[in-house]
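Report on the structure
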Amino acid sequence: MNALTLRQALPGALRKLDPRELVRTPVMLVVWLGALLTTILSVTDPSVLGWSVTVWLWLTVIFGNLAESVAEGRGKAQAASLRALQQETTAFRQRTDGSVEEVPSTSLRKDDLVVVVAGQRIPGDGDVVEGVASVDESAVTGESAPVIRESGGDRSAVTGGTTVLSDRIVVRITSEPGQSFVDRMIALVEGSERQRTPNEVALNVLLSALTVCFLAVVGSLWFVADFSGAQQSVLVLTALLVCLIPTTIGALLSAIGIAGMDRLVRRNVLAMSGRAVEAAGDVDVLLLDKTGTITYGNRRASELLPLDGVTQRELADAALLASLADETPEGRSIVDLVGERPDVPAGAVFVEFSASTRMSGLDVDGRSIRKGAASAVTAWVGRTDPGLDVLVQQVSETGGTPLVVAEQDRLLGVVHLKDVVKEGMRERFDELRAMGIRTVMITGDNAVTAKAIAAEAGVDDVLAEATPEDKLALIRKEQTGGRMVAMCGDGTNDAPALAQADVGVAMNTGTTAAKEAGNMVDLDSDPTKLIDVVEIGKQLLITRGALTTFSVANDVAKYFAVLPAMFVVAFPGIDVLNVMRLSSPESAIVSAVVFNALIIVALIPLALRGVHYKPASATALLRRNLLVYGVGGLVAPFVGIKLLDLVVSLIPGL
Ligand SMILES: Nc1ncnc2c1ncn2[C@@H]1O[C@H](COP(=O)(O)OP(=O)(O)OP(=O)(O)O)[C@@H](O)[C@H]1O
Ligand SMILES: [K+]
Ligand SMILES: [Mg+2]
């Protein structure tokens, strides 16, 4: 926190003096009312004590607002650079007859089709429905290497404002004006979309209850003082009340939440809800999709393996026919491998790939050709073949995906689809294990391939041949055991699972459906980013816990620091308790109020940065934090108020 951010945050902090802004934090509202009361008292009956208390009570409210303003201010610069992405461009919208018209990008609606060629900016969020292109997404992700975006598969989503580097694509717009991905990012980093999490609401209720308790304490003190002839003024009691209620955590609570979101954004993760960030701190199981999540997802046909008695040519022809209209990357890669592009036969009926059938193909002139997962195609043919099993096994053991090709009742052979495991997976999964998180890969692929990839990547467990329903069912099962489940995925078939998971992280390379279903998007499409997400979540929970402990311990300590000084004149016997030896009751009160205000400012950096987190057991962390922040909170006021008293007592009239 430097002078510049402070100066930028100050106007916001002053604006938040509006009591309507404070209703959300009852503790600070009480301070506001207290400040108003002492202002009135000081105007009607001016005194040095009165005005000192009044000024510092107002400062307490401002400092509280400042914390939130500083947290919000950190997102402003980021928002400004994102806004640059939103500048209006010309879009080439396709009419229904196929011709193209020029329109401003701002007029695009959902389901419009736009053509984008090399060198042009993509005018809005959408899915590629035709073609393949390399796209520069650095404006959004900060990553300079171009990425491939293509129709059909799990890499079809494009973001408005990014630039096509090569080729031509047709994009179906998926967002209405003002609701784009970048719009949401801006709202997020600016904090304007932030909603309080159930945990924050619960803590606020607790703080309000404490406030009511202390109100009762101070009220009864008034009576006791009255009865015993040690009358205390309303001014002094108001000051005492503010010192006792949990102002520190009340002031810092929302800043802690905003800072957590901000830390995620800095690591290129967009959290759509604060609740997801908190849930991440408690994750027990991480489920991951294989293709495109653990592997790069660029599954390409590399080899044709015909069965005995089938020629290479026969297999190639059948595989080609079954792929001519298959717009998935896998289908296109088969066409590329064969290296021919014959015309689609007249009257052909295509069978599109789906994650539940795990097959695709075509029917023409009484011929029926299919390709797909071995189990699916052999079931379709009605039998299997020992020779085929050998080929399937052979491809699977290398971690490749075997696609079996068949025509009618005849099995023809296998297409070997190759994919590569992303770098550094093993080390990162080891790290997750050390944090106590179990990793499970769930894939639609066969068990042997799944095992091979799982062994290479180092995940703990696998679920193979999983349909979208299976993925969802697995998450539900884990959750009923009381476990917190995170899911990383990229495909439309992952969407239900992403929506069900407590933390659903969609890969930015994935489909729009996946991104909308999850509650986080990783711009770097790195599933092991979950480690950072979990750390940030834990840090958020720990920081909130630590500062709450500190705040409450502080308030209790202030009570014992100030009370003896207040009553020592009336009851000289109390002098033994007056260990602080503050110079006068007035000076004690002012010092306590000043300390109460300054501690908020002192803790803003910690609230924003977060308490240091090291992987350790929850009980060890709790013990350490209770010690540091509990004991620290008890001791700090004695030291702080004593030092302040030395200065405050120099003020004439106190
Ligand atoms: N274009 C295609 N035509 C026919 N079959 C396909 C095609 N693409 C994939 N398959 C088969 O369907 C299976 C499941 O599909 P897919 O890979 O999309 O499932 P998934 O659940 O997303 O798993 P993952 O992404 O982890 O591999 C694949 O393993 C493969 O055998
Ligand atoms: K306080
Ligand atoms: Mg997938």
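What you see is a predicted model, and the numbers here were worked out from it, not measured in a lab. (Residues numbered from 1 in each chain as written. Chains lettered and ligands numbered in written order. Predicted model: local features only at pLDDT ≥ 70, side-chain atom pairs only at ≥ 80, totals over all residues. Heavy atoms only, no water.)

**A few points about the state of the cysteines**
- A full pass over the atoms with the stated rule returns zero disulfides.
- A disulfide-free cysteine, Cys213 has its sulfur positioned 17 Å from the sulfur of Cys243, the nearest such atom. (Disulfide = S-S within 2.5 Å.)

**What about the domain arrangement of the chain?**
- The assigned domain composition of the chain is domain 1 (3-77 + 188-264 + 534-649), domain 2 (90-175), domain 3 (269-294 + 422-523) and domain 4 (296-421).
- Between the C-alpha centres of domain 3 and domain 4 the distance comes to 28 Å.
- In this assembly, 21 residues from domain 3 lie in contact with 17 residues from domain 4.
- Across the domain 3 to domain 4 interface the summed buried area is about 1500 Å²; carbon plus sulfur atoms make up 56%.
- The interface formed by domain 3 and domain 4 contains one salt bridge.
- The shortest N-O distance in the salt bridge between Arg299 and Asp445 comes to 3.5 Å. (Domains from an automatic or database assignment. Contact = heavy atoms within 4.5 Å. Buried area = accessible area lost by both parts, 1.4 Å probe. Salt bridge = Lys/Arg side-chain N within 4 Å of Asp/Glu carboxyl O.)

**Section: the UniProt feature "binding site: Mg(2+)" (unreviewed entry) in the chain**
- Under the UniProt annotation, "binding site: Mg(2+)" (unreviewed entry) lies at Asp490 and Asp494.
- Inspection of the secondary structure puts Asp490 in the loop between β20 (485-489) and α19 (495-500).
- When neighbours within four sequence positions are excluded, Asp490 is seen to be in contact with Asp154, Asp289, Thr291, Gly292, Thr293, Met507, Gly510, Thr511 and Ala514.
- Looking at the secondary structure, you find Asp494 in the loop between β20 and α19.
- For Asp494, a relative accessible area of 0% gives the class buried.
- Dropping the residues within four chain positions of it, Asp494 is found in contact with Asp289, Lys471, Met487 and Gly489.
- A polar atom in the side chain of Asp494 sits 3.1 Å from the backbone nitrogen of Asp490. (UniProt positions renumbered as here; feature names shortened; annotations may be inferred. Helix = DSSP H or I, 4+ residues; strand = E, 2+ residues; numbered from the N terminus. Buried < 20%, exposed > 50% of the residue type's maximum accessible area, 1.4 Å probe, protein only. Polar contact = N/O pair within 3.5 Å; in protein donor to acceptor, adjacent residues only side chain to side chain.)

**Some details on the nonpolar core**
- Counting residues in each nonpolar core, the largest one holds 128 residues, and the members touching the most others are Leu252, Ile294 and Met520.
- In terms of residues, this core owes the most to one element, helix α21 (residues 530-567), which gives 16 residues.
- With residues near it in sequence (within four places) discarded, Ile294 still touches Leu288, Asp289, Val421, Lys422, Met425, Phe429, Met441, Ile453, Ala457 and Val459.
- Counting 39 residues, the second-largest nonpolar core is a separate cluster that includes Leu305, Leu315, Ala374 and Leu388. (Core = buried A, V, L, I, M, F, W, Y, C linked by side-chain atoms within 4.5 Å.)

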